[in-house]
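Observations on the model geometry
Each chain, letter by letter, is given below.
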Amino acid sequence: MQLNGLMKVVYQAGEWVIKLVYANVLWLIFTLLGLGIFGVMPATVGLFTLLRQWIMGNETESALQIYWNSFRHEIFKANLFGLLFLVVGYILRIDIIYFKTSSHFLFQALLIVMFCLGVLYFITLLNFFPVYVHFEISFFAYFKYALLIGISQLSSTLMMILGCIVIFCLYWYFSGLIPLLCVSLFSLNLMWFGYRSFKKIEYEQQAMTTRI
């Protein structure tokens, strides 16, 4: 039966909800498979890999197979990235707390610097997973790409932030959704706007090549 208009939108939305619940269950399973702390990063990489395939319209391979392939290939590198983000975030937090304790001009100037670095850290973190599953580049280039794309495609980054706020409010008022969509919906928000940024950059590069 051919669906049109509102019914088509409702059907597609229902399909996405079911897929996101399934993806969330897979994330929980693979996180536990990695003994929790060692499973969070590779399971999240697997989740973004799966969401990227769905956004691109590639649904021939099973979600479980995509997750498993990503998890076993990325478990060590993903945890290393997670450790780096954790260490840098911790250092920034300690520095900000320390510099806030004094009203001295130098400390206040350093506090502003730390806040600016914190913003750059946050932008990098928002864009890191979409960049990681989309590009094949060197280890430290992932951080550079995530930051540069996050800044150059600022509208998409702002939409990521706005989307996270909306989702958080949704969970606040409908807490029953948390066990079903706690990670997958946030991840879809980031991957959706991240992929939009990548396509926009590709389009701009093609336009420049054509003009040349």
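Each chain has its residues counted from 1, following the order in which its sequence is written. Owing to the predicted nature of the model, reporting of local features is limited to residues with pLDDT of at least 70; listing and counting of side-chain atom pairs is limited to 80 or more, with chain, interface and lining totals taken over all residues. The side-chain figures draw on all heavy atoms in the structure; neither hydrogens nor water molecules are used.

Quick word on helix H3 (residues 63-99)
Convention followed: We count a stretch as a helix when DSSP gives it H or I for four or more residues in a row; a strand needs E for two or more, and each element gets its number in order from the N terminus. For a helix, the expected span equals 1.5 Å multiplied by the residue count minus one. Bend at a given residue is defined as the angle between two axes, one fitted to the seven residues that end at that position and one fitted to the seven that begin there.
Between its terminal C-alpha atoms H3 stretches only 47 Å, short of the 54 Å expected from 37 residues at 1.5 Å a residue. Along its length, H3 shows its largest kink, about 65°, at Glu-74.

A closer look at the confidence of the model for the protein
Rules: A residue's pLDDT is the confidence the predictor assigns to it, expressed on a 0 to 100 scale.
On average, residues of the protein score 89 in pLDDT, and 97% of them reach the 70 mark or higher. Across the protein, helix H5 (residues 141-152) holds the top mean pLDDT of 95, while helix H7 (residues 178-181) sits lowest at 85.

Here's the deal with the packing of helix H4 (residues 105-134) against helix H6 (residues 154-173)
Two packed helices can be described by the angle between their axes and the distance between those axes. To keep things clear, this is the line we draw: Lines fitted to C-alpha atoms define the axes, with helix axes restricted to the stretch in contact, and inter-axis angles between N-to-C directions lie between 0 and 180 degrees. Any angle that falls under 35 degrees is termed roughly parallel, while one over 145 is termed roughly antiparallel, one within 65 to 115 roughly perpendicular, and all others oblique. In this analysis, two residues are considered to be in contact whenever any of their non-hydrogen atoms come within 4.5 Å of each other. The classification used treats Ala, Val, Leu, Ile, Met, Phe, Trp, Tyr, Cys and Pro as nonpolar, Asp, Glu, Lys and Arg as charged, and all other residues, Gly among them, as polar.
Between H4 and H6, whose axes approach to 11 Å, the crossing angle comes to 85°. Comparing their axes, H6 and H4 come out roughly perpendicular. Here Phe-122, Ile-123, Leu-126 and Asn-127 of H4 lie close against H6, whose contacting residues are Thr-157, Met-160 and Ile-161. For the contact of H4 with H6, the residue count by class is five nonpolar, two polar and no charged.

A closer look at the environment of Phe-139
Note the cut-off: Each residue gets one of three labels from its accessible area relative to the maximum for its type: buried under 20%, exposed over 50%, partly exposed in between, using a 1.4 Å probe on protein chains only.
Mapped onto the secondary structure, Phe-139 falls in the loop between H4 and H5. Classification of Phe-139 as partly exposed rests on a relative accessible area of 23%. Here the alpha-carbon distance between Phe-139 and Lys-77, two residues 62 residues apart in the chain, equals 8.9 Å. If we ignore the near neighbours within four places in the chain, the residues touching Phe-139 are Lys-77, Leu-80, Phe-81 and Leu-84.

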